[in-house]
Structures are given as structure tokens and as C-alpha cells.
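# Observations on the model geometry
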Amino acid sequence: MESHDSGLQYGRGAEKPVDLIIQGGTAVTMVPGQQPIRNARVLIEKDRIMEIGPSSEIPLPKSAAIETIDAKNAIIMPGLVNAHAHTAMTLFRGFADDLPLKEWLFEKIFPAEANFLSPETVYRGALLGCVEMIKSGTTCLADGYFFQDQTVRAVHASGLRGLLAQGIIDFPAPGVPDPKQNTHLGKDFLEKWHHFSHRITPGLFCHSPATCSPETLRRSHEICGEYGVPLQIHLSETEMEVAEILRAHGKRPAHYLDQLGLVDSRLIAAHGVHLDKSELECLHEKDAKLVHVPESNMKLSSGIAPLEEITTMGLKTGLGTDGCASNNNLDLFGEMDTAAKLSKVLTRRPDATKAYQVLEMATLGGAAVLGLHKETGSLEKGKKADIIVVDLKSPHLCPMFDPVSALVYSAGGSDVKDVIVNGVSLMREKELCSLDQDEIMAKVREIGKKIR
């Protein structure tokens, strides 16, 4: 288990130890109201930011740092937070494209999962997803899937931070052949991993209000309450789902969940494409969280979520990629660009959902959705050192008038050159520090041959 001794004492005039220095470049801190810091310097001690500010105001320590990262001609920023993912679904990237959601899910994905998911394949698929997220600047993720012990293993090995949830559904599922045991196994998952690591929070993920019974939903919420962790769910992803809930329960999905007692500060609802104003108000009033997943919604033709209305209302909102079977990548830079532009198309207003808003959704806003905003999501003294450095040397980032605009509308995941999580370098100069990308990809290719 990782630990951080915040109680270290230093004598008068003693030099604090520094483990890592990030030097030069522009720091986009995402601290509300703070302007970008030019020629910035970041000092990191163990897993936390010790100092951040202009180089002229932060002297270099007398003792040499263990590591120094040159961020000249680069942007220093918080690592991105992928607030909705099914990481091991890298296994099904491109497997069933161009299909409606119900056909894609019930005729392609569910059967493929039943036939090919195992502890080993989930571990390999999750490792590949971790590689992809590290290389595109994601440092924290929210994940829900099956055989989640293996996703915990993969995320822990990768060095990423995550809210990792056991999938709950009222059908036979991989690792849960008897759906009557789904919540029992979910509770066992929480018990097993609850105190495992400061980087990993376990949780539960109910598939949707249409695929989980009222009893399953209530019990999952109750278990999450016992452990003080979030409950994730897909909500109002399609018009068909809304119609099904209306027929079965006489209420729209968010109001149905509210009737069951699920709508509270621990609920994280993904998609929200077809929530009406009264549902959004219900979620907002009870401090529930929403995750916008624009590219998956587009690919499955689910619709366009009313992002401008959601953010104007003040509903806490993060940004997610969904799984690679419905996106088909885990690049949050592309997701930011899509989210901003799609909102402008929907409202026919070029000033709708500005660049800073979506950048916040992908950093501090996403951290708030996961309940981690006091530890990560912005660059400030005392917070966890979850930091990425974006290289500005590529032609598509020249010239740069506004770093926030450049990050949202011009940059891509491939521009990330350095990734630090919990004060540990996971990627330096675009080279992974610990994971073996070639070996991981080779293993997944072998699994892909069997699926094909």
C-alpha cells in the first residue's frame, strides 16, 4: 500500500527534500480563477506538489532532485480524468461497428463477452487500456466491468489512479453465472479491495435501470453506502431505454431512480442523453454527478446530450470515453474537442460550452465527479502530483495564442510527452517507464485472433 508521510519535520533553515522538478513551459493549473503560469516551476516531494509558480519566485533547491523534467516549449497541466470507461473492452475495438445500441449490445457484445472474457483476457485488455490512457495523458479513470479483480491488478501495475467498479446486471454475466449472486459478489469485491491502495477506490456499477431490477438497484446503493463509495450507472442513453422505463414504472429514468432512493451525492450517471429538464433538476438538487460521453453517443447514434443546459444548471459533470467497442479509443483530448464542438452544433451558438469548460470537465470536474477533487484534478500545493506535460513542438500547435484553446481544439493525446501519477513517472519523453507496450499488444493480438 502506498503511503505519504505528511508529518515530516524540518529544522530551521533545513532544505526540504525534492524528488522531482518540472521546469519551464506554461502551467495550466485549473485552479479556479488562476491564469496560466509562464515559465513555471513545479517541485514534487514524494507523491505531492510541494511548490508551483513562476520560476522567478521558486528557487531551485540546493540539493539536486532525483529527476528533472524539461517542460520548455510545453504545457504543464493536471492529468486527465476519464470519468466513464470500460477499460478491458480494448479487446473488442472495432469488433462490431455501425450498429444500433440494442443490436450492438445484445447480439454482438454480450455474446462475445460470454465467450471470450476470462480473468486472463480482462487483465490483458485492461493493461492495454492503461497503456493507451497513459500515452494520451489520462492519469485517473472510472471503470466498470466484469472480472474486476483483474482490472484492479492492471491499474495497480500501471501506476494509474482509479475508481474501479464491479459490474452488476440481472443476467448471467462473465464471472457471475448466477445473477442472484451479483450483489453478494459486488460486496465481496468492495471488501477485498477497500483498503488495498491509496490510488484505487473500489465501487459498484449497475448496468442500467432497464437491466437491473429495483431490488438489485436498491441493494447495490445500500452496499455502496456501507463502504462510502460511489455507485455508477448508465442512465438515459437511448430513447428506447426511456420508453422502456416509462412503460414498466410510469416514470422517466432519473425520477424512477429517485423513487428508489438512488439519486444522491454518491450517484455517478453516464450518458444522460435523453434526460429532460425536470430530471436534470432532480440530479442537480440532490448533488448527483453526470458523465458526458459524446463520441460513444455519436457512434451508437444515441443522440446528443444537452451539455450547455447541463453545465449552465451547475450539475457536476465529467467527461468520459466509454469503452473501445463504442468509441474506438481512450483519447480524452479528442473527446474534449468533440464535446465542445457538438454542443455548438446542438445549440447553434459558437459561444456555447467554451474550451475552458470542457478542459475543466476533463480535469478538476472529472475529479469532483469521482469524489477525488481534494486530491487531484488541479495543480496546487499539497495536492497529489498527477501531472502531464504536453509537447508544443508539432506544427498543429504553432502558433499558440491561448494554451487552453490549444489543448482543446488543437492538441491530441499523441502530443503528451511526460506523465506523472502520485509523484511517479509513468512516461518520459513518450517512452513508458515500466509497462512493456510491445508485450501487452502482442498478448491482445493473440486474444483478438480467437475473437475473430
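Keep in mind the model is a prediction, meaning the values are calculated, not measured.

## Some words on the overall build of the protein
On a plain count of helices and strands, the protein comes out with 15 helices and 18 strands. Taking 452 residues into account, the globule formula puts the C-alpha radius of gyration at 22 Å, and the protein, at 21 Å, falls close to it. Oriented by its inertia axes, the alpha-carbon framework of the protein measures out at about 70 × 45 × 45 Å. Here the protein holds 452 residues, and 59% of them are scored as buried. Averaging the positions of the 48 positive and the 59 negative side-chain charges in the protein gives two centres separated by 3 Å.

## Considerations on the nonpolar core
Counting 107 residues, the largest nonpolar core has M77, F92 and F333 as the members making the most contacts within it. Among the elements that line this core, the one with the most residues is helix α2 (residues 119-135), at nine residues.

## Some points on the state of the cysteines
Here the structure, examined in full by the defined rule, presents zero disulfides. You can see C140 has no disulfide; the closest cysteine sulfur is in C130, sitting 12 Å from it.

## Comments concerning the confidence of the model for the protein
The predicted model of the protein averages 94 in pLDDT, with 96% of residues at 70 or higher. Across residues 1-14, confidence stays below pLDDT 50; counting only partners more than four residues off in sequence or on other chains, it has 21 contacts.

## Remarks on the sheet that holds strand β1 (residues 20-23)
Pairing in this open sheet of four strands is mixed, and the strands run β4-β3-β1-β5 from one edge to the other. Single-partner strands in this sheet number two, and they are β4 (48-54) and β5 (67-70). On average, each strand axis in the sheet is inclined to that of its neighbour by 15 degrees, with strand direction left out of account. With four bridges joining them, β1 and strand β3 (residues 40-45) adopt antiparallel strand pairing. Bridging across to β3, I22 finds its partner in V42.

## Some points on the side chain of S343
Tracing the chain through its elements places S343 in helix α11 (residues 332-347). Apart from the residues within four sequence positions on either side, S343 is in contact with L307, E308, A352 and T353.

## Details of the pairing of strand β11 (residues 231-235)
Of all five residues in β11, five are buried, a share of seventy percent or more. Alternating positions in β11 separate into two faces, L231, I233 and L235 on one and Q232 and H234 on the other, with burial throughout. In terms of strand pairing, strand β10 (residues 200-206) meets β11 through three bridges, oriented parallel. Considered in β11, the bridge of L204 is made with L231. The parallel pair β10 and β11 is bridged by helix α5 (residues 214-227), and the resulting crossover is right-handed. With five bridges joining them, β11 and strand β12 (residues 267-271) adopt parallel strand pairing. Note that in β12 the partner of I233 across the bridge is A269.

## As for the environment of S343
Note on S343: relative accessible area 4%, which makes it buried. S343 sits eleven residues away from K354 along the chain, and the two C-alpha atoms are 9.2 Å apart.

## Describing the packing of aromatic side chains
Evaluated as defined, the whole model comprises five aromatic pairs. Arranged with centres 6.4 Å apart and planes meeting at 85 degrees, the rings of F106 and F171 form a pair that is edge-to-face. On the criterion of sequence distance, the pair formed by F106 in helix α1 (residues 101-116) and F171 in the loop between β9 (161-168) and α4 (182-193) is long-range, its members being 65 residues apart. Given the relative accessible area of 36%, F106 is considered partly exposed. Where Y145 meets F146, the ring centres are 5.7 Å apart and the plane angle is 40 degrees; that geometry is what we call tilted. F146 matches Y145 in its accessibility class, with the two residues each being buried. Through a chain of ring-to-ring contacts, the aromatic side chains of F106, F110 and F171 assemble into a single cluster. Lying over the aromatic face of Y123, R153 brings its terminal NZ or CZ to 3.8 Å of the ring centre.

Procedures and definitions
- Residues numbered from 1 in each chain as written.
- Predicted model: local features only at pLDDT ≥ 70, side-chain atom pairs only at ≥ 80, totals over all residues.
- Heavy atoms only, no water.
- Helix = DSSP H or I, 4+ residues; strand = E, 2+ residues; numbered from the N terminus.
- Rg over C-alpha atoms; globule rule 2.2 N^0.38 Å.
- Buried < 20%, exposed > 50% of the residue type's maximum accessible area, 1.4 Å probe, protein only.
- Lys, Arg positive; Asp, Glu negative; His and termini not counted.
- Charge placed at Lys NZ, Arg CZ, Asp CG, Glu CD.
- Core = buried A, V, L, I, M, F, W, Y, C linked by side-chain atoms within 4.5 Å.
- Disulfide = S-S within 2.5 Å.
- pLDDT = per-residue confidence, 0-100.
- Contact = heavy atoms within 4.5 Å.
- Pairing = 2+ DSSP bridges.
- Axes fitted to C-alpha atoms, helices over the stretch in contact; angles between N-to-C directions.
- Right-handed = clockwise from strand over helix to strand, strands pointing away.
- Phe/Tyr/Trp six-rings, centres within 6.5 Å; stacked < 30°, edge-to-face > 60°.
- Lys NZ or Arg CZ within 6 Å of the ring centre and 35° of its normal.

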